[in-house]
Amino acid sequence: MFRTQKTLLAAAALAASLPLGALAQAKEPVKIALVTSKSGAFATMGADVANGIKFAVEEANAKGGVDGRRIVLAEGDDESTPDAGRRVAEKLAREGHNLIIGPITSSISLAISQNLARWDAAFIGTMSKADKLTQDACSPRFVRTNHSDAMDLAMINEWAKTLPGSNFAILAADYVWGQDSAKSFEAAVTAQGKKVTAKLFVPLGTKDYAPYIQQLKNANADAVWVADVSGAIAFTKQAADFGLIPKTPLIGHALLSNFIVNATGNALANVPGNVGYTPDIDTPQSKAFAAAFKARHNRLPSDTEGQAYNGAMVLLQGVKLAGSTRPLDVTKALRGAEVETLYGKATVRAADNQLLIPNYIARVKVADGVLRPVIERSYPATLTPPASPLCKL
């Protein structure tokens, strides 16, 4: 008995004498699977996702880790497809990296989220917007830290009241997110007594937008709602070449991502749309992140980097709140919790594990010496619709 007490006292004395970094290495590490698009249609966006998450992890490790634990990343390429995303997420989860973060498209996120219990994994969604993820496909092991389509729709319903014109066209990617976006925008404008006279869905991987652009020109719309992230660069360039823009204004759903603006010259100048994050967000957390990111990279973070960083922030707080790296412990600790985010303090809604954050409309203009989305309107988190009764956690 006395020998045991002496051993415990010696261990406590040793722990007290160790530096913070050594203590972080003494506990089981936080093993994260960074699953995102390194190839395929979303590879450019995937690079930004990886940048934001790696920045958060490196920043946390430099401060001694989280909850006395070092953070270890393992990376996998989802190839911008659901099948590859599911395979690589399963591989990493079964290798012990079972805290998953990074997928972009809702179809990939849905393929992963339905398997979390089987893999004993958890998933922090940072980019995917499809409502299904927090409705009938919700999981106690999935937490979304970005805006859902329902959140965007609630904002769009308000914003649509201010949109000039009465006749709109829609161009959207032909998969779950693009379809949801088109449906949301049409519902918003028709509720205002306006109409949608052309609705076009574009398959993923489309390179030639000429046939779609001609149909949009023929529609003589007052503006075109565009929800096609993977093809946005090709569409915007061709829309300028074929004279659709600037004669017919564009309105963007995720169109104003920095990587799209950067790749299309001045074609998106003055275009309005929603944004998930910009450095204009006036919170201490956002200011600190933007300043630290700029100090390292000599530029401000993109919208995608910000949202990815924010998701990693929430994940690491889940580990700290749980005092554990077990996946279900982490998401249980986050459920209903108030956490620090780039948007200020925010609550993970207990009913569906959706982070409740403000939403934003921006316009592309020159700021900080570059052309980028700049926030024009902010909408409070209280605008978020109630959780769906389809979600049973």
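This write-up is about the structure you can find in this document. (Residues numbered from 1 in each chain as written. Predicted model: local features only at pLDDT ≥ 70, side-chain atom pairs only at ≥ 80, totals over all residues. Heavy atoms only, no water.)

### Here's the deal with the state of the cysteines
Covalently bonding the sulfur atom of one cysteine to the sulfur atom of another cysteine gives a disulfide. Enumeration over the complete set of coordinates arrives at one disulfide. The disulfide partner of C138 is C391, and the gap between their sulfur atoms is 2.2 Å. Across the S-S bond linking C138 and C391, the dihedral sits near 105°, which makes this disulfide right-handed. Here C391 lies in the segment after β15 (370-379) and C138 lies in the loop between β4 (122-125) and β5 (142-144), a separation of 253 residues in the sequence. Judged on exposure class, the residue C138 and its partner C391 are both buried. (Disulfide = S-S within 2.5 Å. Helix = DSSP H or I, 4+ residues; strand = E, 2+ residues; numbered from the N terminus. Buried < 20%, exposed > 50% of the residue type's maximum accessible area, 1.4 Å probe, protein only.)

### Structural notes on the pairing of strand β1 (residues 30-36)
Within β1, six of the seven residues are buried, which leaves it mostly tucked inside the rest of the structure. Bridge count for β1 against strand β2 (residues 71-77) is seven bridges, and the pairing is parallel. By the bridge assignment, K31 is partnered in β2 with V72. (Pairing = 2+ DSSP bridges.)

### As for the sheet that holds strand β3 (residues 99-101)
Read across the sheet, five strands follow the order β2-β1-β3-β4-β5 without closing on themselves; strand pairing throughout is parallel. The open sheet has two edge strands with one neighbour each: β2 and β5. Across this sheet, the average inter-strand angle for adjacent strands is 20°, counted without regard to direction. On the sheet, helix α4 (residues 82-94) packs against β1, β2 and β3 and is oriented at approximately 150° with respect to β2. (Axes fitted to C-alpha atoms, helices over the stretch in contact; angles between N-to-C directions. Contact = heavy atoms within 4.5 Å.)

### Regarding the sheet that holds strand β12 (residues 344-348)
Strand order in this open sheet of three strands is β11-β12-β13, and the pairing throughout is antiparallel. Strands with a single pairing partner mark the edges of an open sheet, and in this sheet they are β11 (338-341) and β13 (355-356). Each of β11 and β13 touches helix α13 (residues 303-322); the most contacted strand, β11, lies at about 140° to it.

### Notes on the pattern of salt bridges
All told, the structure shown has 21 salt bridges when counted by the stated rule. Between D280 and R372 there is a salt bridge whose closest N-O contact spans 2.9 Å. Of this pair, D280 sits in the loop between β10 (272-275) and α12 (284-297) while R372 is found in strand β15, placing the two residues 92 residues apart along the sequence. You can call R372 buried: its relative accessible area is 6%. Ionic contacts of the salt-bridge type, sharing partners, join the residues K27, D67 and R69 into one network. (Salt bridge = Lys/Arg side-chain N within 4 Å of Asp/Glu carboxyl O.)

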